[in-house]
Amino acid sequence: MEQKKYWKGLEELHNTAAHQEAVKNEFREDLPFEESDSFLGATTPRRDFLKYLGFTTAAATIAASCDIPVKKAIPYVNKPQDITPGVPNYYASAYTVDGEYVPLVVKTREGRPIKVEGNEMSTVTEGSNTARVQASVLGLYDVARLRYPGINNGPDKESLEERVKEIALFSELDKQVTAAITGKPVVLLTATIISPTTKKLIGEFLAKYPGSRHITYDAVSYSGMLLANEQSYGKRALPSYHFENAKVVVSLGADFLGTWLNPSEYSRQYGKNRKIDAKKPEMSKHFHFESMMSLTGANADERYTHRPSETGAVALGLLAALGGGVTAPALVDARLKEGIAKAAKAIQANPGKVLVVSGSNDVNVQIIVNAINNLAGANGTTIDWAVTSNYRQGIDAEMEQLVKDMNAGSVGALLVHGVNPAYDYYDAKKFVDGIKKVGVTVSFNDRYDETTQYCKYIIPDHHFLESWGDAEGRTGYYAFIQPTIAPLFKTRAFQASLLSWSGNTTAWEDYLKNEWVAKLGSQEAWDKALQDGVIEPAAGAPLTGAAFTADAGSAATAISAPKTGGMELVLYEKVAIGNGKEANNPWLQEMPDPITRATWDNYACVSNTVAKTFKTELGDNYEINAERRVLKITAKGYSVELPLMIVPGIHPDVIAIAVGYGRGKKQFIGKAAGEIGANAYPFASFNGQTFSYFATDAKAEATGRKYPVGLTQTHNSYEGRPIIKETTLDAFIKNPKEVNHDREHLAHYGEDFRNDATLYTGGTKFEYPGIKWGMSIDLNSCFGCGACVVACTAENNVSVVGKEQVVLAHEMHWLRIDRYFAGDENNPEVVFQPMLCQHCDNAPCENVCPVAATNHSSEGLNQMAYNRCIGTRYCANNCPYKVRRFNWRDWNGADSFEGNLHDTADMNDAITRMVLNPDVVVRSRGTMEKCSFCVQRLQDAKLAAKKAGRPMKDGEARTACQQACATDAIVFGNINDKDSRIAKVRNEEQTDRLYYVLEETHTLPSINYLAKIRNKDAAPVAAGAHKEEKAHH
Amino acid sequence: MTPFPELKDEDIDNILAYVNSVPAPGAAKPGADSAAAGEVQEESGSNSLLFGVITLILAIVAVILMQINSNLNKLAAEKEGHERLEPVPFYKNKAYIALGILILFVIGGYFTIQGAIGLGRQQNYMPEQPIFYSHKVHAGINQINCLYCHSSAEKSKHAMIPSENVCMNCHKAITEYTGPELFTAEGKKVNGTAEIQKLFDHVGWDPKAGRYTKPGQPIEWTKIHSLPDHVYFNHSQHVVAGKVQCQTCHGDIQQMDEVKQFADLSMGWCVNCHRTTKVQFTENNYYSIFEKLHNDIKENKIDSVTVEMLGGTECQKCHY
């Protein structure tokens, strides 16, 4: 089989001179010393000598003169029974931000939440979660959160303290607010709320103030789906989707693995059909139609691009091809037409095993999608209408009406909770004008954000980890939220305010408890519910469809004709940042975007063909150099200036911009999110029914300015060595051995590659007497979502370095997800490969360490002793996998010398540091670090078994990345245990797909990968790639 | 510690045998290899002294010889009638100065490095505590089990100083001290009852009324045993899995009125113990996975398994 050529970016594809230069250097910059042949030959030998002499003398003096500080050990006065210092406690909770439903288990140490994991008792998510959920624990310690309730003095004052006058007593605020709102119709403006008890309470509250209403506003709206479902099925709701039952998945721009509705649930389901059982190889087939390159699109088997204005035409085309009795507008692109025909054929071949989803917020498009699903027999098989989902509830027209009413001065009081329309409403100015005309304004938002600055009363809500609550993600599927820490600041539950203002003196936690004790029948049942974290209906209820009653014909005529000329602009959510609500999270900002691999910014994504037309003189080194040309993008009378980012696979006539950036001042929003990028929400519009997130007639022009973007794509190159293996499903069924044919070459080295392929006579026999840790990563079910990256960051205290340092290739992630393109640069295939320390049994890094700071353990771990490391960086130079990260700065205040600290995002505030895992040391400047296989977790699992006097069970020791993976693409365990999952994967289940990266170098990695399999007809092979590879060796 | 997995046990035995078979240099007594460990240590001490004396004598002899040589050279030169400069006195002689600097450098370096290694170590540290709490009275005379107060030592990495409510379990009833007289390290007499009263003051207990009258305040003990942040140490591992006695690391704590740090808590001290301590290899079923070692025991190749044999001296057992 021909070896495909993979490229991380165009620079590698075209092998530019700048790329060749860049790969030569392991480290991007020169040492901060003058280089000269001899010390005395340097231009300033005397000064350098004095400098070094002075530093060493001073350092030695300081080090020698430091007294041992007297430390205090202060025990509890009265130790809480369930807290043992040093032993973590776990509490069930749930992440319900913006209507997402992810039941969680929260790990606390000494009363501080430090890590969240998915709750495996939930059958909805089965323990899966996302990068944003993983990072939510850092949100708790966000220093930009408002710390007290108060009254707003208006936006003229400079500092936050001057702007928000603290009111010491909540009762005082309650008195003022109730006096102000009594007799007025109140509008409660919230994001989607999935808590049934909160909703009940809202009902009671609104009843107290006649004429009041509750408006749900979703920053990124799904009301098109809600309204379409109302017309199609008589229910203004979302069904529950079952991707696991779908043999054919067709997505019309729905990024269900990254940002669409509840991605953790869908990734889990979808992943089940992407795993390959070697005995019975089959997998789902995924068609994807989109304008930009999304995470989900990157994972599709067949991906086609279209202009955003063609979305309806594509849906209609599909319905027409299925015999839906509609006429579809003609499409120009032949490849797209062919794709629609292919998808239709696949749908027809698999009746009842099809799921079509669409990311469009257009009612008519969604009605057409419903019609397609109806024709394909999805109702009752992959779409369940008996159990509906509550993930989004906002109706855009209601928000439109509210803004009109506000401007008309007919809104007496506005209470804002968890929404920020002054930032993310498409006509923010109109909203701001309106809010100024509202008599009484109250904000419950967690920070002094764009909307809160116009609200008079500010009563910040708790973070969810400090809160009591419940959630009903799907009908009848409940999750419970309990506080895992006492409130850090003087905040109050939003519900407590509503209770107080509706004259109810019950505390919110009692209200919630009473509600549930009444529902469940007893206190014990409530205690159990809190402990489990979820209550679910009995399993086995059949999926039920619903009668499709909409008129597809009239929807078809209502769909506007596609535009043909000019550029179009499409808005999207970044996987890490989402709609921007949680943007002030350094972990999320520093997580490289799965597709662009960029951090800390938004940018204008365009295709390479279009980029060339902007007269920006991109030059040869464009992809290498962090400095990006800035484009001015104009549409709908609004314009932004953003750096240009070339994204292979994006439609040539499309500019894609991520929302969630361009937030307000750093001092109010936070250092991580404030004043970064540009706000793209104003490009959205209201089409009379719903918000639409694309714009036609967009213009882009070069500004001549440059702007650096922290892009990790070009850091660490394998210089074209083959590290990915993939094949197609058909080819795999025909000859399962073929994907690994090159492993046969290893036989040249003797009978046993492991022992024979060595220069040393007699071979190197490695003995792992008890445990030998090993990991397997399935490239087929890894979607590149990045949850593992953030989980690793949280578990291992991985440092945040900030954008300027990312530009210098100083990012510290122990686990990165490499994204490779292959094939045609306009319609590339994409592969994601998580890359972490391979824990080689014959590790090149170990041999070169002059101080033996990195060496091998008898359990197969490549150990890194930070306190022994002297920072020669030789190991990183010698690592073929490029997974070692060097601490160029003191990111954590771990140095002995003060003033070295480099912190751009408030990661070293006393409050933020509470998130650090106390079992893992923070590393100081000048040391190398890398993945440890979460050795603290391994040691913990071993200790538990030792203390219980029993052998360790398989699955007891789990790495953070493994636990965070929504699809269980990562399997980890003891290879010496023949019954372990990892041993079975390696020795029985996946022998054909199993390979090691750069195996021929005889590094003997402890991590194996499983070759990717695409469910597509034929893999395009770049001609000559194979020869080139051969020449390389 | 890099393991040498390619070495078989017999290889290691051979190496050890070879190492032991080499007679100790210097004035080695015959039969030294059969000496007990203590004797060997003493002997190496006397050896270094001997080497030192010999080196010193040799150095003096060398200096004298050099002087003689130089004098003879001088005489020879005079005899041959060469004009010679007045010899520089030895304290101005560059060779002597260089030698002196070298010696000072070596000695200074030795002490600097020793000092640097010892930084942060505080063996025998015995700070004054806010309350004169006597382990001798509690654990020694009254035989209270260590784990009654330090109950976390079985569960957690921290042994934990007990919270005040644990103290009050007994001290609600015990309000005065009636045991033997107590003295501080400086020999000052301590009033035990007054020290108990200090506890009551902290915890807010009124012994006369027999109830808590004030909110409790924590006691700020001075921490004695401190490990650097880059060391992971787990009490429960040693107490439960290892069945190590508290006294092994903390000394005869039941004899101490005021606690002092018994061990230096250096890495060398840890590693030495890991090298010699036997694990509960056959008793604890966790170790059943080590088949080869079990076979070796069965075949009488080894009689026990030390922590080191299971990888207990590897970096990432304690540093992560």
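Note that this is a predicted model, so its numbers are computed, not measured.

**Let's talk about the overall build of chain A**
Point 1. Tallying secondary structure elements over chain A gives 33 helices and 43 strands in all.
Point 2. Taking 31 Å as the expected radius of gyration for a compact globule of 1033 residues, we find that chain A reaches 29 Å, a close match to that expectation.
Point 3. With respect to the principal axes defined by its C-alpha atoms, chain A has extents near 90 × 75 × 65 Å.
Point 4. Looking at chain A as a whole, 57% of its 1033 residues qualify as buried.
Point 5. Sequence separation of at least 24 residues holds for 74% of the intrachain contacts in chain A that already meet a minimum separation of 6.

**Here we look at the overall build of chain B**
Point 1. On a plain count of helices and strands, chain B comes out with 11 helices and five strands.
Point 2. Within chain B, the proportion of its 320 residues that are buried is 14%.
Point 3. For chain B, restricting intrachain contacts to residue pairs at least 6 apart in sequence, the fraction spanning at least 24 positions comes to 63%.

**Description of the packing of helix α11 (residues 311-321) of chain A against helix α12 (residues 334-349) of chain A**
Residue and element names in this part refer to chain A.
Point 1. Direction vectors running N to C along α11 and α12 enclose 45°, while the axes themselves pass 9 Å from each other. Taken together, the axes of α11 and α12 are oblique relative to one another. Handedness of the α11/α12 crossing: right-handed. Contacts from Val 314, Gly 317, Leu 318 and Ala 321 of α11 reach α12 at Ile 340, Ala 341, Ala 343 and Ala 344.

**Here we look at the interface of chain B and chain A**
Point 1. Counting from both sides, the interface comprises 51 residues of chain B and, opposite them, 48 residues of chain A.
Point 2. For the side of chain B that touches chain A, the elements supplying multiple residues, two or more each, are α6 (164-171), β5 (221-222), α8 (235-241) and α11 (291-298) of chain B.
Point 3. Per-element accounting of the side of chain B that touches chain A gives the leading share, four residues, to α8 of chain B.
Point 4. When grouped by side-chain class, the residues that make up the side of chain B that touches chain A number 19 nonpolar, 23 polar and nine charged.

**Points about the domain arrangement of chain A**
Think of interface size as the accessible area that goes away when the parts come together; that is how it is often given.
Residue and element names in this part refer to chain A.
Point 1. Considered domain by domain, chain A is made up of domain 1 (6-25 + 716-1032), domain 2 (150-220 + 394-535), domain 3 (224-389) and domain 4 (565-711).
Point 2. When each unit is reduced to the centre of its C-alpha atoms, the spacing between domain 2 and domain 4 is 32 Å.
Point 3. Of all the secondary-structure elements, those providing two or more residues to the side of domain 2 that touches domain 4 are α14 (396-408) and α15 (421-424).
Point 4. Of all the elements, α14 adds the most residues to the side of domain 2 that touches domain 4, at three residues.

**Digging into the sheet that holds strand β41 (residues 994-995) of chain A**
Residues and elements named next belong to chain A.
Point 1. The sheet built from four strands is open, its strands ordered β40-β33-β42-β41 with mixed pairing. Both edges of this open sheet fall to β40 (970-974) and β41, since each of them pairs with a single strand only.
Point 2. Contacts from helix α32 (residues 981-989) reach β33 (773-778), β40, β41 and β42 (1007-1010), with the element oriented near 105° to β40.

**Details of unusual backbone geometry**
All names here are of chain A.
Point 1. One non-glycine residue, Arg 873, adopts positive backbone phi at about 65°.
Point 2. As for its placement among the helices and strands, Arg 873 is situated in the loop between β37 (862-864) and α29 (874-878).
Point 3. Phi angles above zero are rare outside glycine, and Phe 933 is one such case at about 60°.
Point 4. As for its position among the elements, Phe 933 is in the loop between β39 (928-929) and α30 (935-948).

**Focus on the nonpolar core**
In a soluble, globular protein the nonpolar side chains are often hidden away together inside.
Point 1. Grouped together as the largest cluster of nonpolar side chains are 319 residues, with contacts concentrated most on Ile 368, Leu 569, Ala 604 and Ile 655 of chain A.
Point 2. Counting residues per element, this core draws most heavily on helix α13 (residues 363-375) of chain A, which supplies eight residues.
Point 3. Not counting the four nearest positions on each side in its chain, Ala 604 of chain A is found in contact with Leu 631, Ile 633, Leu 642, Leu 644, Met 645, Ile 655, Ile 657 and Ala 700 of chain A.
Point 4. Counting five residues, the second largest nonpolar core, distinct from the first, contains Ala 153, Ala 159, Met 160 and Ile 161 of chain B.

**Topic: the sheet that holds strand β18 (residues 457-458) of chain A**
All names here are of chain A.
Point 1. Read across the sheet, seven strands follow the order β7-β6-β18-β17-β16-β8-β9 without closing on themselves; strand pairing throughout is mixed. Each end of this open sheet is capped by a strand with a single partner; those strands are β7 (164-166) and β9 (213-216).
Point 2. Set on the sheet, helix α6 (residues 170-181) makes contact with β8 (186-190), β16 (413-417), β17 (440-443) and β18; between it and β17 the angle comes to about 140°.

**Considering the environment of Gly 784 of chain A**
Residue and element names in this part refer to chain A.
Point 1. Positionally, Gly 784 belongs in the loop between β33 and α26 (787-795).
Point 2. Gly 784 gets classed as buried once you count the C-beta atoms within 10 Å, which come to 24.
Point 3. Separated by 678 residues in sequence, Gly 784 and Val 106 place their C-alpha atoms 24 Å apart.
Point 4. Not counting residues within four places of it along the chain, the set of residues in contact with Gly 784 comprises Leu 295, Ala 298, Pro 594, Ile 817, Arg 819 and Phe 832.

**Details of the pairing of strand β11 (residues 248-252) of chain A**
All names here are of chain A.
Point 1. Of all the five residues making up β11, five are buried; the element is thus mostly covered by neighbouring parts of the structure.
Point 2. Note that β11 and strand β12 (residues 285-290) share five bridges and pair parallel. Residue pairing in the sheet places Ser 251 in a bridge with His 288 of β12.
Point 3. Inspection of the sheet shows β11 paired to strand β14 (residues 354-358) by five bridges, in the parallel sense.

**Here's the deal with helix α7 (residues 192-203) of chain B**
All names here are of chain B.
Point 1. For α7, spanning 12 residues, the distance from its first C-alpha to its last is 17 Å, which sits close to the expected 16 Å at 1.5 Å a residue.
Point 2. Residues of α7 that are buried make contact with α6 and β3 (205-206).
Point 3. Note on α7: the residue one or two positions beyond its end, Gly 204, has a positive phi of about 80°.

Conventions used here
Residues numbered from 1 in each chain as written. Chains lettered and ligands numbered in written order. Predicted model: local features only at pLDDT ≥ 70, side-chain atom pairs only at ≥ 80, totals over all residues. Helix = DSSP H or I, 4+ residues; strand = E, 2+ residues; numbered from the N terminus. Rg over C-alpha atoms; globule rule 2.2 N^0.38 Å. Buried ≥ 20, exposed ≤ 12 C-beta atoms within 10 Å, placed from the backbone. Contact = placed C-beta atoms within 7 Å. Axes fitted to C-alpha atoms, helices over the stretch in contact; angles between N-to-C directions. Parallel < 35°, antiparallel > 145°, perpendicular 65-115°, else oblique. Left-handed = near helix turned anticlockwise from the far one by under 90°. Nonpolar A, V, L, I, M, F, W, Y, C, P; charged D, E, K, R; others polar. Domains from an automatic or database assignment. Pairing = 2+ DSSP bridges. Core = buried A, V, L, I, M, F, W, Y, C linked by C-beta atoms within 7 Å. Expected span 1.5 Å × (residues − 1).

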